[in-house]
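# Architecture at a glance
Each chain, written out:
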Amino acid sequence: MEVKREQLDDFRVRQLQSRDLLRGEMSDEDLQRYVEQAVMTTTVEKAVAWARGNSIYPLTFGLACCAIEMMSIVAARLDIARFGFEVFRASPRQADLIILSGRVSTKMAPVVRRIYDQMLEPRWAISMGACCSSMGVFNNYALVPSDKFMPIDVHVPGCPPRPEALAHGILRLRSKVQGNAPEGWRERYDAIGTEELLPGATDTESAAISVLRPGDTAGA
Amino acid sequence: MPDATGLELIAQELRDADAASVLDTVFQRGRAVLIVDAGRVHGVLATLQEKGYGFLASLHGVDYYPDEPRLGVLYELLDMDTVDRITVKARVHTDSPRIASVCDLWPGANHPEREVYDMFGVIFEGHADLRRILMPEDFEGFPQRRDYPIGGEPVLFTFNEETNYGKWQ
Amino acid sequence: MSTTDYRKREQSITVSTEPAGQGQHHELMTLNMGPHHPATHGVLRLITTLEGEVVRDIKPIIGYVHTGIEKTCEQKSYWKVIPCVERMDYLSYYFNAMAFCGAVETLLGVEVPPRAQYLRVIHLELNRLMSHLVWLGTSALDLGAVSMFWYCFRERETILDLFEMSSGQRMHTRYFQVGGVFEDIPPGFARKLKQFLDDMPTRADQYADLLEKNEIVLARLRGTGMVDHDTLLGLGVTGPLLRAAGNPWDLRKAAPYSSYDHFDFKIPVGTVGDNYDRYRVRHAELYESTKIASQALEGLPEGPFITTDRKIALPPRHELATSMEALIHHFKLVTEGFRVPPGEAYYPIEGPRGELGCFVRADGSAKPARVHMRDPSFSNLQALAPMVKDAYIADLIATLAMLDPILGGIDR
């Protein structure tokens, strides 16, 4: 007697496939296709980077007004616990990410540098707000831009940056950690590996700035 | 605020006690200011404290460059019972910026006097621990004087990127 | 190092089993609670001298976030000083702007229209609410009651939404201008504000329910950090700290500014002056601020939102197309700014932490010659030493939390 089966839905198909797999009755082509769908190959670096990016431990490091906005990304409206970042560690030895939130004065700069040095590699730094990225509102004797004494991976502009802006910066850092940093203008203008001649430069050797990928610059 | 006549009465009382203490009185926009000789400011403030102005609301410095004497120390006093404010101003020259400390009258003058020292260079005699409070301990110069440069970093453009502080490599 | 050296050194250490403060004198240890510390509110460095766990002396070192704001203000025209001055005490930015604008308005002799005064009061009280909410959240976090942080910040987000509605920015809004406010409130603001203010007392009750019956909170706050009232006055302490010690000094009642005398509100006052009283005073101020803001919203008068004196305030945009004078005023104001006749003014207001006063010296030009903020936290910090003398480190943390120092205002 012939049994006719019509219109198997996807679930039934997969059920039958699993049954055949368990019995050892699957054909070679089907087995090949099944394995290709279920198994992913990658390198150890990529896997580790993926895991690292999804569980960065920031350091509790609030300096000034931006610290309040940093506290509000931990709060319920924009919750960075969604991304795995809610474990703020107090000790630099246990933290991966230092978010410089606020203005860095001349008295504080050596302290910040010492804390950054105490962090274990791999470590990243986000300069949050205008005051530590550039001088911000206060371009005077008392402040130091953070680029002067430590390597920064992501600068987040704003005064103070909205929690969404800081989250954008953090997610950019995450993609950088995971190895697929967005290349932005380098990609748009196909500029990677090119050299830029500064205007008015006569000596070609010293005047060029070579355009690198974001991941090749400083930071751990 | 004491009105203009009230201010004159206070000034007269102080002059009766010590003739050379009050140099001038200014009453402008509802604000009563006694301009006092810098050497006698402690006595004036003690008398005003006894009169009822028992709360030192603010102690701060002003640089009156280019008017001499250049550095001024202002004491904002408050009488909480009658809600009365009076200001005492004392001016010193930069070559001998010494003035008596009022920490014995108001212990809360400790930090503000250190700040005036830090920012303007006024030395408060009788202060227990006069050292810098806001700037680093080894800082040289008095930042809030008018002839101290504002400092800061030049804005980075492409043309001066390499010659300027040069970002961390 | 050899074992014999180690044994020799070990013998020189006397380990006593007696608790501290009972009889024998123990060695004093200096501990640095450095500028980077999770429990100091901001970058405050405390050098504590400890005997066991008892604090014998404390020296606060500040200046780690000194930004030279006062000197920067001398380089900018009066209009541009407002955003600089706002960033001093970064949780009470409207208060900073209010003190500065008040001082300049005194110098100019300009009258602020009643609608602007009421709008200022609404925003000031919302800011006071926001500041107390952040204080409550972070203080409870320090004491260990971690969930309070999320509840308080939920309310804070609503307040920041309201600020964003009226001015476009969540923090440091530059909403207060000399002569009034920058812009009138948009439609929908009143409804959203009323909804928030109706909800707020219930929320404050919920915070009280969470914390006040908790044994640990009570044990940590009751009886700790007491200083008598006269010492506080001598140290220049004002605000909730002074009110917790029993003195009902509040500039909103004593010397009302910006129509505060039109509103009916009470001043919460404590009895003993310990940390629990400070907590209760600030918590009760949540209800009072809600009351003031609702009264201001209900009684909001019609009229201009900034002074009509075109030499000080920008003319409205639609006039620029038709009136030559308006164009000239706009040009002069935007390029040079208004000039203030020479004089000095000190304008004190009641901030969330105490008396916030702004001293402005004008020399006739378009830039101020000296701007100084009398910040309440700067004076309140001097009270920390008597508060924690002979108390445990845990009490130090609780007292620091209840003191509510904001280092941006202290360091300026």
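Residues numbered from 1 in each chain as written. Chains lettered and ligands numbered in written order. Predicted model: local features only at pLDDT ≥ 70, side-chain atom pairs only at ≥ 80, totals over all residues.

Let us look at the overall build of chain B. Regarding its fold elements, chain B presents 3 helices and 7 strands. The order of α-helices and β-strands along chain B, N terminus first, is α-β-β-α-β-β-β-β-α-β. On the principal axes, the C-alpha backbone points of chain B span a range of 65 × 35 × 30 Å. Here chain B holds 169 residues, and 38% of them are scored as buried. A separation threshold of at least 6 residues defines the contact pool for chain B, and within that pool the share at least 24 residues apart is 48%. (Helix = DSSP H or I, 4+ residues; strand = E, 2+ residues; numbered from the N terminus. Buried ≥ 20, exposed ≤ 12 C-beta atoms within 10 Å, placed from the backbone. Contact = placed C-beta atoms within 7 Å.)

The next thing to look at is the overall build of chain A. Across its full length, chain A carries 9 helices and 6 strands. Of the contacts made within chain A by residues no fewer than 6 positions apart, 71% connect residues no fewer than 24 positions apart.

This part takes up the confidence of the model for chain A. Counting all residues, the mean pLDDT for chain A is 82, and 84% of those residues have values of 70 or more. Per-element mean pLDDT across chain A ranges from 54 in helix 9 (residues 204-207) of chain A up to 92 in strand 3 (residues 124-128) of chain A. (pLDDT = per-residue confidence, 0-100.)

Glancing now at the interface of chain C and chain A. On the side of chain A, 29 residues touch chain C, which itself brings 28 residues to the contact. For the side of chain C that touches chain A, the secondary-structure elements that each account for two or more residues are helix 2 (69-73), helix 3 (78-86) and helix 6 (147-167) of chain C. Tallied by class, the residues present in the side of chain C that touches chain A amount to 14 nonpolar, 9 polar and 5 charged. (Nonpolar A, V, L, I, M, F, W, Y, C, P; charged D, E, K, R; others polar.)

Here the focus is the sheet that holds strand 4 (residues 71-79) of chain B. All names here are of chain B. The 5 strands are arranged 1-2-5-4-3 in an open sheet whose pairing can be described as mixed. Taken across any chain shown, the strands that pair with only one partner, and hence form the sheet edges, are strand 1 (22-28) and strand 3 (55-63). If you compare each strand with its neighbour and ignore which way they point, the axes differ by 20° on average. As judged from the 6 bridges shared by strand 1 and strand 2 (residues 31-36), these two strands associate in the antiparallel manner. Along strand 2, the bridge assignment pairs D24 with I35. Together, strand 3 and strand 4 form the strand contacts of helix 3 (residues 110-120), whose direction differs from that of strand 3 by roughly 5°. (Pairing = 2+ DSSP bridges. Axes fitted to C-alpha atoms, helices over the stretch in contact; angles between N-to-C directions.)

Let us now look at the environment of R282 of chain C. Residues and elements named next belong to chain C. Looking at the element boundaries, R282 is found in helix 12 (residues 275-298). For the pair R282 and P316, spaced 34 residues apart in the sequence, the C-alpha separation amounts to 40 Å. Residues contacting R282, with those up to four places away along its chain left out, are H132, W135 and P240.

In spatial order, the strands read 1-2-3-9 (chain C); together these 4 strands make up an open sheet with antiparallel pairing. Since the sheet does not close on itself, it has two edges, and those belong to strand 1 (29-33) and strand 9 (391-392) of chain C, each with one partner.

Glancing now at the interface of chain C and chain B. Each partner contributes to the interface: chain C provides 32 residues, whereas chain B provides 25 residues. Of all the secondary-structure elements, those providing two or more residues to the side of chain C that touches chain B are helix 2, helix 4 (93-108), helix 9 (229-235), strand 6 (343-351), strand 7 (354-362), strand 8 (370-374) and helix 14 (376-380) of chain C. When grouped by side-chain class, the residues that make up the side of chain C that touches chain B number 12 nonpolar, 13 polar and 7 charged.

This paragraph deals with the nonpolar core. Counting 210 residues, the largest nonpolar core has L100 and I126 of chain A together with V85, F100 and A103 of chain C as the members making the most contacts within it. The biggest single contributor to this core is helix 5 (residues 114-143) of chain C, with 15 residues. Apart from residues lying up to four places away in sequence, A103 of chain C is in contact with A345, Y346, Y347, C358, F359 and V360 of chain C. (Core = buried A, V, L, I, M, F, W, Y, C linked by C-beta atoms within 7 Å.)

Let's shift gears to the packing of helix 4 (residues 65-74) of chain A against helix 7 (residues 163-177) of chain A. Residues and elements named next belong to chain A. Following both chains from N to C, one finds helix 4 and helix 7 inclined at 75°, their axes separated by 9 Å at the closest point. With respect to each other, helix 4 and helix 7 are oriented roughly perpendicular. Residue-level inspection shows E69, M70, S72 and I73 of helix 4 in contact with helix 7, the latter providing P163, L166 and A167. (Parallel < 35°, antiparallel > 145°, perpendicular 65-115°, else oblique.)

On to helix 1 (residues 10-23) of chain A. Along its 14 residues, helix 1 of chain A runs 20 Å from first to last C-alpha, staying within 8% of the 20 Å computed at 1.5 Å per residue. The element helix 1 of chain A is largely exposed, with a buried count of 0 among its 14 residues. (Expected span 1.5 Å × (residues − 1).)

This brings us to the packing of helix 5 of chain C against helix 12 of chain C. Residue and element names in this part refer to chain C. Where helix 5 meets helix 12, the axes come as close as 9 Å, and the angle between the chain directions of the two elements is 155°. Judged by the angle between their axes, helix 5 and helix 12 are roughly antiparallel. Of the two elements, helix 5 crosses helix 12, and the hand of that crossing is left-handed. Along the contact surface, helix 5 presents Y118, V121, I122, E125, L126, R128, L129, H132 and W135, while helix 12 presents R282, E285, L286, S289, T290, I292, A293, A296 and L297. Class assignment of the residues belonging to the contact of helix 5 with helix 12 gives a composition of 11 nonpolar, 3 polar and 4 charged. (Left-handed = near helix turned anticlockwise from the far one by under 90°.)

All names here are of chain A. Tracing the backbone shows I80 in the loop between helix 4 and strand 2 (97-101). On the basis of neighbour count, I80 is assigned to the buried category, with 20 C-beta atoms found within 10 Å. Residues I80 and W50, spaced 30 residues apart in sequence, show a C-alpha to C-alpha distance of 17 Å. Setting aside residues no more than four positions away along its own chain, I80 makes contact with I73, V74, F85, E86, A167 and I170.

Moving on to the pairing of strand 1 of chain C. Residues and elements named next belong to chain C. Buried residues are scarce in strand 1, accounting for 0 of its 5 residues. The pairing of strand 1 with strand 2 (residues 45-51) spans 5 bridges and is antiparallel. Bridge assignment links L31 to a residue of strand 2, and that residue is T48.

The next point concerns unusual backbone geometry. Each neighbour pair has its own omega, and for E121 of chain A with P122 of chain A the value is -5°, a cis peptide bond. For P122 of chain A, the location among the structural elements is in the loop between helix 5 (109-118) and strand 3. The amide bond that connects C159 of chain A to the next residue, P160 of chain A, takes the cis arrangement and shows omega of -15°. Along the chain, P160 of chain A turns up in the loop between strand 4 (154-156) and helix 7. With a phi close to 60°, S259 of chain C is a non-glycine residue in the positive phi region. Within the secondary structure layout, S259 of chain C lies in the loop between helix 11 (251-254) and helix 12. A tally of 17 C-beta atoms within 10 Å means that S259 of chain C is categorised as partly exposed. Here the phi dihedral of R412 of chain C falls at roughly 45°; this positive angle occurs in a residue that is not glycine. With respect to the helices, strands and loops of the structure, R412 of chain C is situated in the segment after helix 17 (407-411).

Quick look at the pairing of strand 4 of chain B now. All names here are of chain B. By the criterion of burial, strand 4 is predominantly enclosed, with 8 of the 9 residues buried. Relative to strand 5 (residues 84-92), strand 4 runs antiparallel, the two sharing 9 bridges. Bridged to D79 within strand 5 is D84. With antiparallel pairing between neighbouring strands as the criterion, strand 4 and strand 5 make up a hairpin whose turn holds 4 residues, including V83 at a positive phi of roughly 50°.

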